Amino acid sequence: MIFESHAHYDDEAFDLDRDELLGKCQEQGIEYIVNVSASLDSVKTTLALAQRYPFVYAAVGVHPDEVGGLDEESFAWLKEQCASPKTVAVGEIGLDYYWDKEDHELQKYWFQRQLALAKELELPIIVHSREACADTLEEIKKAHTPELRGVIHCFSYSPETAQEYLEMGYYIGIGGVVTFKNAKKLKEVVKLVPVERILLETDCPYLAPEPNRGKRNSSLNLPYVAAAIAELKGVDTDEVIRITNENAKKLYFRKKQAILQD
Ligand code: NI
């Protein structure tokens, strides 16, 4: 059974066949899906999805491109949404200097506020970082405590940077890019990172793996990602699927399990 650790099924790309597709995901071995919000609006649509489908969980947070919409009032509202029984993470949060839509200092400010929120609520973080390698590492180091856990989603940096995140206890999110011929750096990262620290993700509707590159992505493509990782690690695809499923459950459901056991 596959754990999809990062999807955007509330995206309009799925408006015509969302029910059918999510039904198919369940039939074809996708055990759980974490739907990740990026804007205040998508926090609402993500939680609505999680309420509708028992196997879909929610990450609540505001993407660096969208932090211009945050203020104290909306941030208080965001915190309330973290109390939903289906919320399992704060995300996606981070820095994006590629699209560069918001001032860097503003991005850092709301990244720190959301990191603090995750720590306060004991939720893991889902980090988005694009062309902001040094600053993201610096901001995370500022906020880091041994209790803070999370995943660096759609990892796009060097093996040395991956090593720094591993040493702090973070997971590395690997998706469709690992199947691309020109993804040499990411393949080196996957060789370095133990399977025990990898999460499978699509970031769908984006970044479909080969042989479906360029098409709309969905969790049904995750076996291609698992197979590419398995080849690089020299293990069976089933092993990659089994271990990454355990990893995601440990990360996202740790607090829920603790509550159930109480
Ligand atoms: Ni995403």
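Just above sits the structure.
Some details on the environment of Ala-118
Residue position: Ala-118 is located in helix 4 (residues 104-121). In this structure Ala-118 comes out as buried when scored by relative accessible area, which is 1%. For the pair formed by Ala-118 and Arg-242, sequence separation is 124 residues and the distance between their alpha carbons is 27 Å. The residues contacting Ala-118, other than those within four sequence positions of it, are Val-90, Leu-123, Ile-125 and Leu-148.

Some words on helix 6 (residues 159-167)
For helix 6, the complete set of buried residues consists of Thr-161, Ala-162, Tyr-165 and Leu-166. Projected down its long axis, helix 6 shows its buried positions confined to an angular sector of 145°, all on one face. Along helix 6, the residues that are exposed and aim more than 90 degrees away from the buried face are Glu-160 and Glu-167. If you follow the buried residues of helix 6, they end up packed against helix 5 (133-143), strand 6 (150-152), strand 7 (171-174) and helix 7 (184-192). Backbone geometry just downstream of helix 6 places Gly-169 in the positive-phi region, at approximately 100°.

Section: the pattern of salt bridges
Per the counting criterion, the structure on display carries 14 salt bridges. A salt bridge links Glu-164 to Lys-141; its shortest N-O distance comes to 2.7 Å. A residue pair is termed long-range when its members are at least 10 positions apart, and Glu-164 in helix 6 and Lys-141 in helix 5 qualify at 23 residues. Here Arg-242 ties to Glu-246 by a salt bridge, and the two come within 3.1 Å at their closest N and O atoms. Of the two residues, Arg-242 and Glu-246 both sit in helix 9 (residues 237-261), 4 residues apart, roughly one turn of that helix. Residue classification places Arg-242 among the partly exposed residues on the basis of a relative accessible area of 41%. The exposure class assigned to Glu-246 is partly exposed, which follows from its relative accessible area of 37%. Each of Glu-105, Lys-108 and Asp-135 takes part in a single network of salt bridges with overlapping partners.

Calculation criteria
- Residues numbered from 1 in each chain as written.
- Predicted model: local features only at pLDDT ≥ 70, side-chain atom pairs only at ≥ 80, totals over all residues.
- Heavy atoms only, no water.
- Helix = DSSP H or I, 4+ residues; strand = E, 2+ residues; numbered from the N terminus.
- Buried < 20%, exposed > 50% of the residue type's maximum accessible area, 1.4 Å probe, protein only.
- Contact = heavy atoms within 4.5 Å.
- Arc of directions from axis to C-beta.
- Salt bridge = Lys/Arg side-chain N within 4 Å of Asp/Glu carboxyl O.

Structural measurements only, silent on function.
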